[in-house]
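# Structural overview for review
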Amino acid sequence: MILDFPSAIAPRHSHPAFGRVREEWTAMNSPGRDARLRAIVEEHLDMVARVLRNAGVTEAQLDDEIQRTLITVARRLDDIRPGAEKSFLIQIALRVAAHARRTMARRKEVDAEELPEFVELDRSPEQLTDQKQMRQMLDSVLGRMDDDLRLVFTLYEFEEMSMLDIAKLQSIPQGTVASRLRRARAQFRAMVAEVEHGRASKVGA
Amino acid sequence: MTESRGFPTRLLRQPSSILERALLNAGTEVKASDATRVAVLEALGLEHSHLALVKPRPMPWRRGAFLLAAMVVSAAAVAVPLTRRNMASGVVPPIAGKDVSADGAPGATRAHRARTEAINPPHAESSETKATVTKDLPPRVAEEASVARNAVPASGRNVLAAELLALDAARARLNSGDPRAALGLLESYQRDFPKPRLALEAEVLRIDALDRAGQSDLARRRAEAFVQNHPKGVLTGRVRRYLEK
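These numbers come from a predicted model, not from an experiment.

Reading the values: rules and limits
Residues numbered from 1 in each chain as written. Chains lettered and ligands numbered in written order. Predicted model: local features only at pLDDT ≥ 70, side-chain atom pairs only at ≥ 80, totals over all residues. Heavy atoms only, no water. Helix = DSSP H or I, 4+ residues; strand = E, 2+ residues; numbered from the N terminus. Contact = heavy atoms within 4.5 Å. Areas by Shrake-Rupley, 256 points an atom, 1.4 Å probe, with all protein chains shown as cover. Buried < 20%, exposed > 50% of the residue type's maximum accessible area, 1.4 Å probe, protein only. Core = buried A, V, L, I, M, F, W, Y, C linked by side-chain atoms within 4.5 Å. Axes fitted to C-alpha atoms, helices over the stretch in contact; angles between N-to-C directions. Left-handed = near helix turned anticlockwise from the far one by under 90°. Nonpolar A, V, L, I, M, F, W, Y, C, P; charged D, E, K, R; others polar. Phe/Tyr/Trp six-rings, centres within 6.5 Å; stacked < 30°, edge-to-face > 60°. Salt bridge = Lys/Arg side-chain N within 4 Å of Asp/Glu carboxyl O. pLDDT = per-residue confidence, 0-100.

### A look at the overall build of chain B
- Looking only at helices and strands, chain B features 11 helices and two strands.
- Its helices and strands taken in sequence order, chain B reads β-β-α-α-α-α-α-α-α-α-α-α-α from the N to the C terminus.
- Residue pairs in contact within chain B that sit at least 24 positions apart in sequence constitute 55% of those at least 6 positions apart.
- When the accessible surface of chain B is summed, it comes to about 12200 Å², and 53% of that surface belongs to carbon and sulfur atoms.

Next comes the structure, spelled out in structure tokens:
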């Protein structure tokens, strides 16, 4: 009986009869669903936090946006093919982050420490091992990158996605991903070099 | 940057400077706090007591507890792949049509047979659906209830596992077309677990069972109360959808 089966064989949208059965099936008592949701949280919550943070969500916003992401995913669980959870999560997280950034920009009264302040490098060894400072510095560097470039950069360097997967996720050609990654790295390195030489300036595209 | 067959090495593998490495590390070291983890699980209506800061007391090594652990472990092995943490918290997905082999505990066979029979009831079931929804439960169902009851030990983690088992049995009954037996099991569940952690799941099950047992008015009333008392969470979405049908 379909009700007992885990979502691995969730019926597809296309067939009208399946739509009705699926509605009943998801309406109540889906223990397979709960287990799947729990597994997603256990395995991927840190990844969601990372993607959000590196996409520009601030520390103060982070917990709320993590919750928002997972709740969205839970609502759309039936749309996710088994095995595709990770990329779905990343997509949702990116959308949530973009929305959070827009909300932040709209609000005029933004806390001073929320802005990607350019952290001065004081050349002390302590600073390099100070996680908080490094994070702030990274925030400011990422915050100054072009959105398109930052996206490819963070997915490639921090999520270790392949260029093919990034291309699929964004529905862009692989060549575009490759060129954006090249330019992103150039921007990143140029900005880090600026920090190292004590000059704060935005790097032109 | 090394370009070999168009696959550039990740920057972190060959940072240009110590500063670059420190920055890239900062990018990978983001974690969700325990508090957020708990909040997320709660928002999704999932159990999270295994994340409690207080360490649970060690499991008493009674026959019931061992048997329960064996069934939980073997159940997890065949169904949805779960992490070690999940298994410890006692999440038991239902097994449809699978043969679960429990570890060789002395009392395992009888309860194990009861469990698999509950999920795959033989066809001579129909006579049992006439059972009334009171204490007069058919023998197999009563045995399931007592398995869950006997497995209620002291430590918090095992109470949860016992609750899951009890609700699992009720669900299996419901899904195999026996809503009255499910309601009976739910009544046992209420008696056996006066402070249930899975009260929400049990209530959703009850609403479904009432509806299928032909008591739609009562089901509706309980569903409306549920939505009013628990406005947030994924379970509420399901109950709302039921009300909209």
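After that view of the structure, there is still more to cover.
### Looking at the overall build of chain A
- From N to C terminus, chain A includes nine helices and zero strands.
- Reading the helices (α) and strands (β) of chain A from amino to carboxyl end gives α-α-α-α-α-α-α-α-α.
- Counting the 205 residues in chain A, one finds 50% classified as buried.
- Look at the contacts in chain A between residues 6 or more apart in sequence, and 57% of them connect residues 24 or more apart.
- With the model as given, the accessible surface of chain A reaches about 10100 Å², and the carbon-plus-sulfur share is 50%.

### Looking at the environment of L205 of chain B
- With respect to the helices, strands and loops of the structure, L205 of chain B is situated in helix α9 (residues 199-212).
- Between the alpha carbons of L205 of chain B and A182 of chain B there is a distance of 8.5 Å; along the sequence they are 23 residues apart.

### Here's the deal with the nonpolar core
- Among the nonpolar cores identified, the biggest contains 47 residues, and L52, I66, L70, I90, L94 and L155 of chain A together with L44 of chain B are the most heavily contacted of them.
- Those elements giving two or more residues to this core turn out to be α2 (31-54), α3 (59-75), α4 (85-106), α7 (147-157), α8 (163-170) and α9 (174-196) of chain A together with α2 (34-43) of chain B.
- Filtering out sequence-adjacent residues up to four positions away, I90 of chain A remains in contact with M47, V51, L155, M161 and L169 of chain A.
- L198, V204, I207 and F226 of chain B belong to the second-largest nonpolar core, a separate cluster that totals 29 residues.

### Looking at the packing of α2 of chain A against α3 of chain A
Residue and element names in this part refer to chain A.
- Packing of α2 against α3 brings their axes to within 10 Å, and their N-to-C directions diverge by 145°. Seen from above, α2 lies across α3 with right-handed handedness. Residues R33, L37, I40, V41, L45, V48, A49, L52 and R53 of α2 form the contact with α3, whose own contacting residues are E59, L62, E65, I66, T69, L70, A74 and R75.
- Per-class residue counts for the contact of α2 with α3 are 11 nonpolar, one polar and five charged.

### Considering the environment of L164 of chain B
- Take L164 of chain B: it is sitting in helix α7 (residues 156-175).
- Between the alpha carbons of L164 of chain B and R197 of chain B there is a distance of 9.6 Å; along the sequence they are 33 residues apart.

### Some points on the environment of A184 of chain A
All names here are of chain A.
- Topologically, A184 is positioned in helix α9.
- According to the relative accessible area criterion, A184 is buried, its value standing at 0%.
- Taking the C-alpha atoms as reference points, A184 and D148, 36 residues apart in sequence, are found 8.6 Å from one another.
- Setting aside chain neighbours within four positions, we find A184 in contact with M145, L149 and F153.

### Quick notes on the packing of aromatic side chains
- Considering all chains together, one arrives at three aromatic pairs over all chains under this definition.
- Centroid distance F153 of chain A to F158 of chain A: 6.0 Å. Interplanar angle 90°. Geometry classified as edge-to-face.
- Ring geometry for Y189 of chain B against F193 of chain B: centres 5.2 Å apart, planes inclined by 40°, an arrangement best described as tilted.
- Residue classification places Y189 of chain B among the buried residues on the basis of a relative accessible area of 3%.
- Of the residues examined, F193 of chain B reaches a relative accessible area of 4% and is grouped as buried.

### Brief notes about unusual backbone geometry
Residue and element names in this part refer to chain A.
- The backbone of E160 sits at a positive phi, close to 55°, despite the residue not being glycine.
- Within the fold, E160 resides in the loop between α7 and α8.
- Backbone geometry at S171 places phi at a positive 55°, although glycine is not the residue there.
- Here S171 is to be found in the loop between α8 and α9.

### Here we look at the pattern of salt bridges
- All told, the structure shown has 19 salt bridges over all chains when counted by the stated rule.
- Of the charged contacts in the structure, one is a salt bridge between R37 of chain B and D46 of chain A, with a shortest N-O distance of 3.3 Å. In this pair, R37 of chain B is assigned in helix α2 and D46 of chain A in helix α2, connecting two distinct chains.
- Accessibility expressed as a relative area gives 7% for R37 of chain B, which makes it buried.

### A short note on the confidence of the model for chain A
Residue and element names in this part refer to chain A.
- Looking at chain A, pLDDT values average 79 and 70% of them are 70 or higher.
- Mean pLDDT across the elements of chain A ranges from a minimum in helix α1 (residues 16-27), with 43, to a maximum in α7, with 96.
- Note on residues 1-29: pLDDT is under 50 here. Beyond four places in sequence and across chains, it has 49 contacts.
- Contacts from residues 200-205, a stretch scored under 50 in pLDDT, to residues over four places away or in other chains number 10 contacts.

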